[in-house]
Amino acid sequence: MTGQRREKLISILLHGDGWITAAALADRLGVTPRSVRSYIAQINARAARADQGEAVESGPAGYRADRAVLATLRGEQRASPRDRLHRLVRELLDADQGLDVFVAAERHHVSDATVEADLARIRGLLEDTTLSLRRGGSVVTLDGDEISRRRLVSRLAHDEMEEGTFDVGVLRRAAGLETVDDRAFGPFTQQLGAELAALGYYVNEFAAADVALHIAIAADRVSRGRALETTRGEADEDQRRLAEVLDTLCVRHFDVAMGSGDLQHLTSLVLTRVVAPGGAAEERVRLDPTVEEAVRTAVTRAAHGYLVDIAHEDFIRRLTLHVQNLVLRAREHAPSRNPLTRSLKSDFPMIFQVAVSIASDVGEQLEVTIHDDEIAYIAMHVGGRLERSRQAETVLTATIVCPGYYELHELLHSRIARSLGPSIEVTEVLTGVDPDWEAVDTDLVLTTIEPPQPDERTVRLPPFLSEGDLGRISAAAARRRRSLRLARLRAELSRYLSEDAFIRPLVAADEEEAIRALAEPLVARGVIDQQYVENTVEREQLSSTAFTETLAVPHALRMTASRTAISIGIADGSLPWGDSRVQVVALTAFSEEEREAFQTVFEQLVEVFSERDSVTRIIRRGEGFAGFLDELAAVIDG
């Protein structure tokens, strides 16, 4: 466990932006700051022994990585229990006569008991697959078909991947692709995308890189004499053309000629993971009526429940085409990976929530389980639809104050309107040298003279605007929009928070225990019933509500509370939450009548708790309920 935590610490430091305190690192690792200091001392000692200098710099603000040194150190000294585990799996994959436990222990320089423990962990890896381990004395054999074996290799590779990255070297090492050249991945993926575009498909670049790994695994397995047999079923014209493309590319880049069975499998893999039909290709693909109805029902329900403009025929068709492939992947237990899952969840929580709702409905109707990465792809569809259908940003009103020469104010007004478009509406132009400043009540004040008391609304301008001046207006508008949003949040929170629903410290072993503890005061007040609590637990199982590194916002998919309320819990240290750890949990109960409040509170609460400095201030200073509200209000007010 220590080795795994040290590896996670290295990952956090490599991907961190600037200094990170020991307390913040401890919270994310689920250890004490003392343990963090110990891990860093060990890392620096390893770097010193390798004559690489200091890998992690320490200072008053915490710790900061020398990325070059730390990345090199990790690459040279990556050996870990997980590495040994993955090597055992790869040995089992190729051992037709089984693997002798005693021989494996000697080869890996560990005890027999260690290998037995690794085998227990391997059985855990096989739980959701059609593979199994068979024991005969000291010999262990892996049973299962070739396609399932390849999926296991892919899983090993992805377990090694750093979040949000596609490191070919790491993938190749983890998958044991000894016959594959790292340099083949990039050109293969690029040419595959170009060929698919020529066939009339839109290419999902993230999935294309993942499929390149699957194809590399297939090339490696074929070169080892483990080709797939031909599957049944006649290929259509698109499948035949794509099979020809894959055959050519595999020979060119991986130096392997695929048989008909592998080409059929890989063609299906590409069509269900990489592409969305577009143009002529879209017309050739038929919608499954059952899937289309499930998607239409889910989209209509989400559009009504969350007040989002997504119930359009073109969106439903495109999403149905995506879901048809998603269902095939789900039934094969082979979800498509998405490196943007975490960032989509934290940066666009409302869009992700809509996607969770759609995935839940679709999964229930079609009897499939839809994982987080697949939900993220649905979120990308939802976000794209909203971006296309969204009206202009919230319009800010502005007053121009411009005393001076004839037509000067008209030139200023015209330049602002032409350059900034509909996002700022000038509602008044004051040309007097002594305007009534107190009567100006617009969101922005754009003035060529100095006001008596400048505030955040005020932008001082010259009579003739430069590009820099327009940039300052845009920046002021962005700050004003955020200020208005947070002001609305402060007003909403004052209505929804109460002292009886504030728990500090929140003590819980897992998500469900935390949810039930935070739900108790709301149930006692009649805000929610026990069914709402159960629905919240079920929602958490669909997709983690840890939207930032600090905050989880558990809630039910259906807004059935008698009124909107929030129960806040703050842990001493941090709590395990999904694959993360959080310190603040905000159980939200929303009523149908206050659906609009859902978006305001949900998105802006996540925004506040996504800023590390703000979180640190709120947690450290907000001991009791009153202090928490004061600090939250202070952060909101900037």
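The preceding data block contains the structure.
These numbers come from a predicted model, not from an experiment.

Chemist: I would appreciate a short explanation of the overall build of the chain in the present structure.
Modeler: A tally of helices and strands in the chain yields 26 helices and 15 strands. Buried positions account for 51% of the 638 residues belonging to the chain. The long-range fraction of contacts in the chain, counting pairs at least 24 apart against all pairs at least 6 apart in sequence, stands at 71%. Accessible area for the chain stands at about 29,900 Å²; split by element, carbon and sulfur atoms hold 49% of it.

Chemist: Help me understand unusual backbone geometry, please; the structure alone is not making it clear to me.
Modeler: With the exception of glycine, most residues fall at negative phi, and the peptide bonds are largely trans. For the bond running from arginine 504 to proline 505, omega is 5 degrees, close enough to zero to count as cis. Following the sequence through the fold, proline 505 ends up in the loop between strand S12 (502-503) and helix H22 (511-524). One non-glycine residue, aspartate 255, adopts positive backbone phi at about 60 degrees. With respect to the helices and strands, aspartate 255 occurs in the loop between helix H12 (237-254) and helix H13 (260-273). Judged by its relative accessible area of 69%, aspartate 255 is exposed.

Chemist: Honestly, the sheet that holds strand S14 (residues 560-577) in this entry has me stumped. Any pointers?
Modeler: For sheets, the rule is that strands pair by backbone hydrogen bonds, running either parallel or antiparallel. Pairing is mixed across the open sheet formed by 4 strands, whose spatial order is S12-S14-S15-S13. Sheet topology places S12 and strand S13 (551-552) at the edges, where each strand pairs with a single neighbour. Here S14 runs beside strand S15 (residues 580-591); their pairing, made up of 10 bridges, is antiparallel. Bridging across to S15, serine 567 finds its partner in leucine 587.

Chemist: Would you mind going over the nonpolar core with me for this structure?
Modeler: In globular proteins that are soluble, nonpolar side chains generally tend to be buried together. Membership of the largest hydrophobic core comes to 68 residues, with the highest contact counts inside it found for Ile310, Ile358 and Phe609. The biggest single contributor to this core is helix H18 (residues 349-366), with 10 residues. Residue contacts for phenylalanine 609: discarding those within four places in its chain leaves Thr548, Thr550, Leu551, Val584, Val615, Ile618, Phe628 and Leu632.

Chemist: Sorry, what's going on with the environment of alanine 208 here?
Modeler: Position of alanine 208 relative to the elements: it lies in helix H11 (residues 205-223). It is 7.8 Å that separates the C-alpha atoms of alanine 208 and valine 270, two residues lying 62 residues apart in sequence.

Chemist: Sorry, what's going on with the side chain of asparagine 44 here?
Modeler: Within the secondary structure, asparagine 44 is located in helix H3 (residues 33-49). Overall, asparagine 44 belongs to the buried group, its relative accessible area being 15%. Every residue in contact with asparagine 44, bar those within four places of it in the chain, is listed here: Glu54, Ala55 and Val56.

Chemist: When you look at the pairing of strand S8 (residues 396-401) in this model, what are you seeing that I'm missing?
Modeler: Walk down a regular strand and you will see the side chains alternate between the two sheet faces. Counting buried residues along S8, 5 of its 6 residues qualify, which places the element largely inside the surrounding structure. In terms of strand pairing, S8 meets strand S9 (residues 424-430) through 6 bridges, oriented parallel. Among the inter-strand pairings, leucine 396 is bridged to a residue of S9, identified as isoleucine 424. For S8 and strand S10 (residues 444-447), the ladder comprises 4 bridges, and the chain directions are parallel. What sits directly across from valine 401, in S10, is threonine 447.

Chemist: Teacher, can you tell me more about the pattern of salt bridges here?
Modeler: Pairing is possible between side chains of opposite charge, provided their charged atoms come close. Applying the stated criterion across every chain yields a total of 31 salt bridges. For aspartate 94, the salt bridge goes to arginine 226, with nearest N and O atoms at 3.6 Å. Linking aspartate 94 in helix H5 (residues 81-94) with arginine 226 in the loop between H11 and H12, this pair joins segments that are 132 residues apart in sequence. Through salt bridges with shared partners, a single network forms among Asp94, Asp96, Glu146, Arg150, Asp220, Arg221, Arg224, Arg226 and Asp262.

Chemist: Could you clarify how one ought to interpret the environment of aspartate 500 in this entry?
Modeler: On the secondary structure map, aspartate 500 appears in the loop between helix H21 (467-496) and S12. Taking the relative accessible area as the measure of exposure, aspartate 500 reaches 42% and is therefore partly exposed. Distance from aspartate 500 to arginine 525, taken between C-alpha atoms, is 9.6 Å for residues 25 residues apart in sequence. For aspartate 500, the side chain forms a polar contact with the side chain of serine 498, separated by 2.6 Å.

Chemist: Would you mind showing me how to read the sheet that holds strand S4 (residues 132-136) here?
Modeler: Within the open sheet, the 3 strands sit side by side as S3-S5-S4. Their pairing is antiparallel. Single-partner strands in this sheet number two, and they are strand S3 (99-100) and S4. Bridge count between S3 and strand S5 (residues 139-143): 2 bridges; the pairing is antiparallel. Across the sheet, residue leucine 99 finds its bridge partner in S5, namely valine 140. Here helix H7 (residues 112-125) sits on the sheet and contacts S4 and S5; the angle it forms with S4, its principal contact strand, is near 145 degrees.

Chemist: Help me out: how do you make sense of helix H15 (residues 289-306) in this one?
Modeler: Owing to its 3.6 residues per turn, the α-helix aligns residues three or four sequence positions apart on the same side. For H15, which comprises 18 residues, the first-to-last C-alpha distance of 25 Å matches the rise-based estimate of 26 Å (1.5 Å per residue) to within 8%. Those residues of H15 lying buried are Val291, Ala294, Val295, Ala298, Val299, Ala302, Ala303, Gly305 and Tyr306. Leucine 307 occupies a position one or two residues after H15 and carries a positive phi of about 55 degrees.

Chemist: Just to check I follow, could you spell out the packing of aromatic side chains for this structure?
Modeler: What describes a pair of aromatic rings is the distance from one ring centre to the other and the angle between the planes of the rings. Evaluated as defined, the whole model comprises 3 aromatic pairs. Centroid distance phenylalanine 502 to phenylalanine 628: 5.2 Å. Interplanar angle 45 degrees. Geometry classified as tilted. Of the two residues, phenylalanine 502 is situated in strand S12 and phenylalanine 628 in helix H26 (residues 625-636); the sequence distance between them amounts to 126 residues. Take phenylalanine 628: its relative accessible area is 1%, and that puts it in the buried class. Here the aromatic residues Phe502, Phe625 and Phe628 are joined through ring pairs into a cluster of three or more.

Chemist: Honestly, helix H23 (residues 530-542) in this entry has me stumped. Any pointers?
Modeler: Taking 1.5 Å per residue, 13 residues should reach 18 Å; H23 reaches 19 Å between its end C-alpha atoms and fits that length. If you check which residues of H23 are buried, you get Tyr532, Val533, Thr536, Val537, Arg539 and Glu540. One side of H23 holds all its buried residues, which, seen down the axis, span an arc of 160 degrees. Residues of H23 that are buried sit in contact with H18, H22, S14 and S15. A distance of 3.2 Å separates the backbone nitrogen of glutamine 531 from a side-chain oxygen at the start of H23, and that oxygen is part of aspartate 529.

Chemist: For this particular structure, what's the right way to read the pairing of strand S2 (residues 62-65)?
Modeler: As judged from the 4 bridges shared by strand S1 (residues 56-59) and S2, these two strands associate in the antiparallel manner. The residue of S2 that forms the bridge with valine 56 is alanine 65. Where S1 hands over to S2, the hairpin turn is made up of 2 residues, counted between the paired strands.

Chemist: Help me understand the packing of H15 against helix H16 (residues 313-331), please; the structure alone is not making it clear to me.
Modeler: The description of two packed helices rests on the angle between their axes and on the distance between the axes. Where H15 contacts H16, the axes come no closer than 9 Å and their chain directions differ by 125 degrees. Relative to H16, H15 is oriented oblique. Where H15 crosses over H16, the two elements pack in a sense that is right-handed. Across from Val291, Glu292, Val295, Arg296 and Val299 in H15, the residues of H16 making contact are Glu313, Phe315, Ile316, Leu319, Thr320, Val323 and Gln324. Of the residues that constitute the contact of H15 with H16, the class distribution is 7 nonpolar, 2 polar and 3 charged.

Conventions and cut-offs
- Residues numbered from 1 in each chain as written.
- Predicted model: local features only at pLDDT ≥ 70, side-chain atom pairs only at ≥ 80, totals over all residues.
- Heavy atoms only, no water.
- Helix = DSSP H or I, 4+ residues; strand = E, 2+ residues; numbered from the N terminus.
- Buried < 20%, exposed > 50% of the residue type's maximum accessible area, 1.4 Å probe, protein only.
- Contact = heavy atoms within 4.5 Å.
- Areas by Shrake-Rupley, 256 points an atom, 1.4 Å probe, with all protein chains shown as cover.
- Pairing = 2+ DSSP bridges.
- Core = buried A, V, L, I, M, F, W, Y, C linked by side-chain atoms within 4.5 Å.
- Salt bridge = Lys/Arg side-chain N within 4 Å of Asp/Glu carboxyl O.
- Polar contact = N/O pair within 3.5 Å; in protein donor to acceptor, adjacent residues only side chain to side chain.
- Axes fitted to C-alpha atoms, helices over the stretch in contact; angles between N-to-C directions.
- Expected span 1.5 Å × (residues − 1).
- Phe/Tyr/Trp six-rings, centres within 6.5 Å; stacked < 30°, edge-to-face > 60°.
- Arc of directions from axis to C-beta.
- Parallel < 35°, antiparallel > 145°, perpendicular 65-115°, else oblique.
- Left-handed = near helix turned anticlockwise from the far one by under 90°.
- Nonpolar A, V, L, I, M, F, W, Y, C, P; charged D, E, K, R; others polar.

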